[in-house]
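Structure at a glance
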Amino acid sequence: MQEQTSKALSNFEGKPNEVIPMLQAVQDETGYLPEEAIRDIADLIGIPESKVYGTATFYSQFYFSPRGKHSIKVCLGTACHVRGGMQVMDALERELGIKAGETTADFKFNLERVNCVGSCALAPVVMVGDNVFGRLVPKQAKEVLEKSDPEV
Amino acid sequence: MYEKHIMICGATGCLSSGSNQIAEALKEELEKQGIKDKYRLVMGGCPGFCEVGPIIVIYPDEVFYCRLKTKDMAELVEQHLIGGEIVERLLYKGPDVEAPARFYDTIPFYSKQKFNVLRNSGIIDPESIDEYIMRGGYRALKRALQMDPQAICDEVKDAGLRGRGGAGFPTGLKWGFTNKAPGDKKYIVCNADEGDPGAFMDRSILEGDPHAILEGMLIAGRACGADEGYIYCRAEYPLAIRRLKTAIQQAEEYGLLGTNILDSGFNFKMNIKEGAGAFVCGEETALLASIEGKRGMPRPRPPFPAQVGVFGKPTTINNVETLANIPLIVREGGAEEFKKVGTEGSKGTKVFALAGKVRNTGLVEGPMGITIEEIIFDVGGGIQGGREFKAVQAGGPSGGCIPQDLINLPIDYDSLTKAGAIMGSGGLVVMDDRTCMVDLAKYFLSFTQKESCGKCTPCREGTKRMLEILERISEGEGIPEDLDTLDSLAHSIKDSSLCGLGQTCPNPVLTTIRYFRHEYEEHINENYCRSGICKPLFQYVIDQENCNGCRACVRVCPVDAIEGEKKEPHEIDQELCTRCGSCIEKCRFDCIMITRVGSEADVGN
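Counting starts from 1 at the beginning of each chain's written sequence and moves along it residue by residue. Each chain gets a letter, beginning with A, and each ligand a number, beginning with 1, in the order they are written. Per-residue local features of the predicted model are confined to residues with pLDDT of at least 70, and side-chain atom pairs are confined, for both listing and counting, to 80 or more; whole-chain, interface and lining totals are unaffected and use all residues. Side-chain numbers here rest on the full set of heavy atoms in the structure, without hydrogens or water.

Some remarks on helix α2 (residues 19-30) of chain A
Rule in force here: Helix and strand definitions here come from DSSP, where helices need a minimum of 4 consecutive H or I residues and strands a minimum of 2 consecutive E residues; each element is numbered from the N-terminal end. Expected span of a helix, by definition, is 1.5 Å for each gap between consecutive residues, and there is one gap fewer than residues. The cut-offs for exposure are 20% and 50% of the maximum accessible area for each residue type, with area from a 1.4 Å probe on protein chains only; residues under the lower value are buried, those over the upper are exposed, and the others partly exposed. Residue contacts are defined here by distance: any two heavy atoms, one from each residue, within 4.5 Å place the two residues in contact.
Over its 12 residues, α2 of chain A runs 17 Å from end to end, which matches the ideal 16 Å to within 8%, given 1.5 Å per residue. Most of α2 of chain A is tucked away: 9 of the 12 residues are buried. Taken together, the buried positions of α2 of chain A are occupied by Val19, Ile20, Met22, Leu23, Gln24, Ala25, Val26, Gln27 and Thr30 of chain A. Looking at the packing, one finds that the buried side of α2 of chain A touches α1 (2-9), α3 (35-45) and α4 (49-58) of chain A together with β8 (266-274) and α12 (284-291) of chain B. One or two residues past the end of α2 of chain A sits glycine 31 of chain A, with phi positive at roughly 90°.

Topic: the sheet that holds strand β1 (residues 4-9) of chain B
All names here are of chain B. Our working definition: Between any two strands, pairing holds if DSSP finds at least two bridges. Throughout, an axis means a line fitted to C-alpha atoms (over the contacting stretch in the case of helices), and angles, computed between N-to-C directions, take values from 0 to 180 degrees.
Spatially, β2-β1-β3-β4 is the arrangement adopted by the 4 strands of the open sheet, whose pairing is mixed. Since the sheet does not close on itself, it has two edges, and those belong to β2 (39-44) and β4 (63-65), each with one partner. Within this sheet the neighbouring strands show an average axis-to-axis angle of 20°, counted without direction. Of the strand pairs in this sheet, β1 and strand β3 (residues 56-59) are connected by 4 bridges, and their pairing is antiparallel. Bridge assignment links isoleucine 6 to a residue of β3, and that residue is isoleucine 58. Contacts from helix α3 (residues 73-82) reach β1, β2, β3 and β4 within the one sheet, and its direction differs from that of β3 by about 20°.

Some thoughts on the interface of chain B and chain A
For clarity, the threshold we go by: Summed over both partners, buried area is the accessible surface (1.4 Å probe) that two parts give up on being assembled. One speaks of a salt bridge when a side-chain nitrogen belonging to Lys or Arg is within 4 Å of a carboxyl oxygen belonging to Asp or Glu. Between N or O atoms, a polar contact is any pair within 3.5 Å; within protein, one atom must be a potential hydrogen donor and the other a potential acceptor, and residues adjacent in sequence are included only when both atoms are from side chains.
Of the residues lining the interface, 62 residues belong to chain B; the matching set on chain A comes to 37 residues. Summed over both partners, the interface of chain B with chain A comes to about 3600 Å²; 54% of that surface belongs to carbon and sulfur atoms. Broken down residue by residue, the surface that chain B buries against chain A is led by Ala276, Arg295 and Tyr443 of chain B, which jointly contribute 17%. Counting across the chain B and chain A interface gives 2 salt bridges. Across the pair arginine 135 of chain A and glutamate 51 of chain B runs a salt bridge, and its minimum N-O distance is 3.4 Å. Inspection of the region where chain B meets chain A yields 22 residue pairs in polar contact (both at pLDDT 80 or more). Those elements giving two or more residues to the side of chain B that touches chain A turn out to be α1 (12-16), β6 (228-233), β8, α12, β10 (349-356), β14 (427-432), α17 (437-451) and α22 (552-556) of chain B. The leading source of residues in the side of chain B that touches chain A is α17 of chain B, at 7 residues.

Some words on the environment of arginine 222 of chain B
All names here are of chain B. Looking at where arginine 222 falls in the secondary structure, it is placed in helix α10 (residues 210-224). Counting along the chain gives 152 residues from arginine 222 to threonine 70, while the straight-line C-alpha distance between them is 48 Å. The contact partners of arginine 222, leaving out residues within four places of it in the chain, are Ala144, Leu145, Met147, Pro149, Ile152 and Phe266. There is a polar contact of 3.1 Å between the side chain of arginine 222 and the backbone oxygen of leucine 145.

Focus on a nonpolar patch on the surface
As a reminder of what qualifies: Without a salt bridge and with relative accessible area above 30%, a residue can belong to a patch; like charges are then joined within 9 Å and nonpolar side chains (Val, Leu, Ile, Met, Phe, Trp, Tyr) within 5 Å. Here the accessible surface of atoms and residues is derived via Shrake-Rupley with a 1.4 Å probe, and residues count as covered only by protein chains that are part of the display.
Side chains of Phe169, Leu173 and Phe177 of chain B sit close together on the surface and give an oily, nonpolar patch of about 250 Å² of accessible area. By secondary structure assignment, the location of phenylalanine 177 of chain B is in helix α8 (residues 171-180).

Quick look at the packing of helix α7 (residues 149-159) of chain B against α8 of chain B
All names here are of chain B. The test is simple: These descriptions rest on fixed angle ranges, namely under 35 degrees for roughly parallel, over 145 for roughly antiparallel, 65 to 115 for roughly perpendicular, and the rest for oblique. A crossing counts as left-handed when the near helix is turned anticlockwise from the far one by less than a right angle, and as right-handed when that turn is clockwise. Under the convention adopted here, Pro, Cys and the residues Ala, Val, Leu, Ile, Met, Phe, Trp and Tyr are nonpolar, Asp, Glu, Lys and Arg are charged, and Gly plus all remaining residues are polar.
Where α7 meets α8, the axes come as close as 7 Å, and the angle between the chain directions of the two elements is 160°. Judged on the interaxial angle alone, α8 and α7 are roughly antiparallel. The handedness of the crossing between α7 and α8 is left-handed. Facing Pro149, Gln150, Ile152, Cys153, Val156 and Lys157 of α7, the residues of α8 in contact are Thr171, Gly172, Leu173, Trp175, Gly176, Asn179 and Lys180. Each residue belonging to the contact of α7 with α8 can be placed in one class, and the counts come to 6 nonpolar, 5 polar and 2 charged.

Here you go:
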């Protein structure tokens, strides 16, 4: 982990306006922001850890605990909302036995709601990795999971 | 020399309906036939008609193929490319055309559109600076570099261009403020943090015509006396970021970015900054804080960014679509041309993201002043499934809904504001009779409440209180006083919030109460949601007279709540039913009815 963090931070000069790009670089490398990474960034810039943590928690892109192998993003932008995105979310929650924002116990899936992935024509839409599943009905929730992980 | 150019839409909408696979299949087919070198395949920008994606346009024939599948590629290659005959089967067909339609001029979706901002999108290869230059690109920059900075500001002001990001402030005036501000270091910031759920025009412009943004920023830099720019782009738009990086690199190689641009002594450095997921960063002072690496919180104005902006220096912040208009205006005679389109107070065109329950979803560019009816019915082809049009939400979470009776409303800054909505980014989400207006207001408010940064009390606490009331109403716990409380909270939040987020977030609530008060009253007084959305306030019942027992609903139900023998009327187990609406969507005989809870006979609409 330490090695990954150092690698991610090696291209930065340590200027205060680099906080967000640094956090993004670490998360790209490790999948989330471990506590040590926050400390390393603070040391590199020479500001308190609390400042870095404060910035990180402000933005929804950052995660502070390990995430599932597959990230299921249920679009709940306006177009998906009016075309039944919430019902698809309900069905996925039922299938996985977790709520939005949570990760399954086997770290296979995590489920999150996102605001508009720009595929409004296909609403309601679910993204798993780079795969887009469009024009879904609740019944297809299981199919989405099966197609995303062959072991389901 | 290529015989034909084949533009495959490589924008998000078509990519998600599989245009990458189409491109692969086409390549394979061309290789198989040994004619790969005769054709240029381009993953191009968005032609706008997302509904019928994936799309391929073949030039110079100007033939528009849509709803393509990988297995269609063999036919397309053999019949069109080799045989020279149009594949009629793959042309646009729909209830709005008599015969299969061949191109822009015959497809009704394009009939009322006017392309300014999307002039190159889907026409040129977005990764080729040469194609941009061939279409007249960077000519306006060349002209601007020979002009006096204040003259550029005046010309843009005179053209009547207003900011396309939402508030509609005159762009030339804004530039003039930065130009006049004292200081030798100034910045141009492009706000590409498109956060409105349901709006994706900035993304399409960035992906389809990135050089237009660079050129717009360079001209802004010249007009404002700035020599450095930041493009603040959502991290959720990786393709847009990649295309921008390519465009920057090409412009640097061509001497259009960097030092002494086109030998004029003008220097400009361009940076890209990725956003990290905060809606409030679309607000200009919050965006500046985020560029500086801080929490993206807004601050009071004045001082305005034109005086104290990013890193404390005078800064102009323009939205993507605004900047994409600049090269058109600043070229020779462009301002006059630009002014000819639009209304008295709103000049030029606007790009709308048309989505929701409309038949033709996609990106639409129309002259300012185009009516809601023209957009939804002429361009959009009417409501999906032939249902009834109820309202359209204009301007996303900051905007408001416009009901059916105002269908002739011209869409421009002033008319929308008068109706209680705003232009905002230009998202238009169409709703039919199965959309509950209370739920819609709740949806938008839950969004803004979550995105409220928490700095000022009216927005932080006020949105929370309003949301609680809306939640109660949608659960059947509303009381008659709630509507007055909502109204007074909404006005307090509008008047006293620090930034645009708080000042506009009550709009969806205010407009739904203004135009659909009866629906709120029905929820509160009769515990009934006629649209079948607020789950505790309705139930689905199968019409026992007309159900023919086709079992379509049984198969689609995700919780096995529908029972019944084949060819016998079915029944819904109300205990098991989750009210997901799958059955009502599926039933072809209109046998599933929305009724009041506990009643079998009283049929809703």
